[in-house]
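Listed below are the residues making up each chain.
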Amino acid sequence: MQLLIPPEISQQLVDALRQAGQREIGGILMGAHIGPDAFRVKEITIQRKGGTFAAFIRMVEEILAPLLAFFDTTKHDYTRFNYLGEWHSHHSFALVPSGRDHMTMYDIVIDQQLGAGFVVLLLVKLGDHGQLEGSVTVYQPNKTSFAGSIIQESSV
Ligand SMILES: [Zn+2]
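Source: prediction; values computed, not measured.

Describe the overall build of the protein chain, with residues and values.
Check the secondary structure of the protein chain and you find 3 helices and 7 strands. Helices (α) and strands (β) of the protein chain occur, in sequence order from the N terminus, as β-α-β-β-α-β-α-β-β-β. Here the protein chain holds 156 residues, and 26% of them are scored as buried. Nonlocal contacts in the protein chain, meaning residues at least 24 apart in sequence, comprise 64% of its contacts between residues at least 6 apart.

Put into structure tokens, the structure is as follows:
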């Protein structure tokens, strides 16, 4: 599974990480299905409230409105444009999901309301030179999670 991150989204993430300092921040990923096993992030939400040093609490009310707006702009073409998953920062530890991250993601993927066949978790941090570093993990109901690959697209 490949997750493509366009330059404007990378920049949004870098800016948000800089502003957040040591607080964990996160949000949801909305994107397009662009090929077999390939997805491009189109929009993200950035939740700054509720972030603590080591735990990110998802606030459902903050993600609903942006998600519905995304569905409107993409004409409710859910097979191509949909919720992809979640992202959050791991400033001070490795870019691997914690036990709590795994639990949260399995809760989301088995949520029948979303009807998602899979969801991804994107973990991000700033590297030594201020560059975006990330990892992506793919979750499916009743299956072991696995690592996907991130492709940071460059501007033309
Ligand atoms: Zn985490």
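Hey, could you go over helix H3 (residues 99-109) for me, with residue numbers and the actual values?
Taken together, the buried positions of H3 are Asp101, Met105 and Val109. Along the long axis of H3, the arc covered by the buried residues comes to 65°, so they all point the same way. Residues of H3 that are exposed and point more than 90 degrees away from the buried face comprise Gly99, Arg100, Met103 and Asp107. Buried-residue contacts for H3 involve strand S5 (119-126) and strand S6 (132-139).

Give a description of the confidence of the model for the protein chain that names residues and reports values.
Chain-level statistics for the protein chain give a pLDDT mean of 88 and a share of 88% at 70 or above. Within the protein chain, no element has a lower average pLDDT than helix H2 (residues 60-73), which sits at 85, and none a higher one than strand S1 (residues 2-5), at 98.

Lay out the pairing of S6 with the relevant residues and their values.
Two elements, S5 and S6, share 8 bridges in a ladder whose sense is antiparallel. Looking across to S6, one finds that Lys125 is bridged to Glu133. In this structure, the hairpin formed by S5 and S6 is closed by a connection of 5 residues, where Gly130 is found at a positive phi of approximately 80°. Of the strand pairs in this sheet, S6 and strand S7 (residues 146-152) are connected by 3 bridges, and their pairing is antiparallel.

Give me unusual backbone geometry: which residues, what numbers.
Backbone geometry places Lys75, a non-glycine residue, at a positive phi of 55°. Mapped onto the fold, Lys75 is located in the loop between H2 and strand S4 (81-89). Overall, the presence of 9 C-beta atoms within 10 Å leaves Lys75 in the exposed class. Although it is not a glycine, His76 adopts a positive phi angle of roughly 55°. With respect to the helices and strands, His76 occurs in the loop between H2 and S4. According to the C-beta neighbour criterion, His76 is exposed, with 8 such atoms within 10 Å.

Any chance you could break down the nonpolar core for me, citing the residues and the numbers?
Membership of the largest hydrophobic core comes to 23 residues, with the highest contact counts inside it found for Leu3, Leu29, Val41, Val120 and Leu122. Elements represented by at least two residues in this core include exactly S1, helix H1 (7-20), strand S2 (26-35), strand S3 (38-44), S4, H3, S5 and S6.

Can you break down the pairing of S1 residue by residue, with the values?
What you see with S1 is a clean split: Leu3 and Ile5 sit on the buried side and Gln2 and Leu4 on the side with no burial. In the sheet, S1 pairs with S3 via 3 bridges, with the strands oriented parallel. Its bridge partner being in S3, Leu3 is matched across the sheet by Phe39. Where S1 meets S7, 4 bridges bridge the pair, whose relative direction is parallel. Counted as the bridge partner of Gln2 is Ser149 from S7.

What counts and what doesn't
- Residues numbered from 1 in each chain as written.
- Predicted model: local features only at pLDDT ≥ 70, side-chain atom pairs only at ≥ 80, totals over all residues.
- Helix = DSSP H or I, 4+ residues; strand = E, 2+ residues; numbered from the N terminus.
- Buried ≥ 20, exposed ≤ 12 C-beta atoms within 10 Å, placed from the backbone.
- Contact = placed C-beta atoms within 7 Å.
- Arc of directions from axis to C-beta.
- pLDDT = per-residue confidence, 0-100.
- Pairing = 2+ DSSP bridges.
- Core = buried A, V, L, I, M, F, W, Y, C linked by C-beta atoms within 7 Å.

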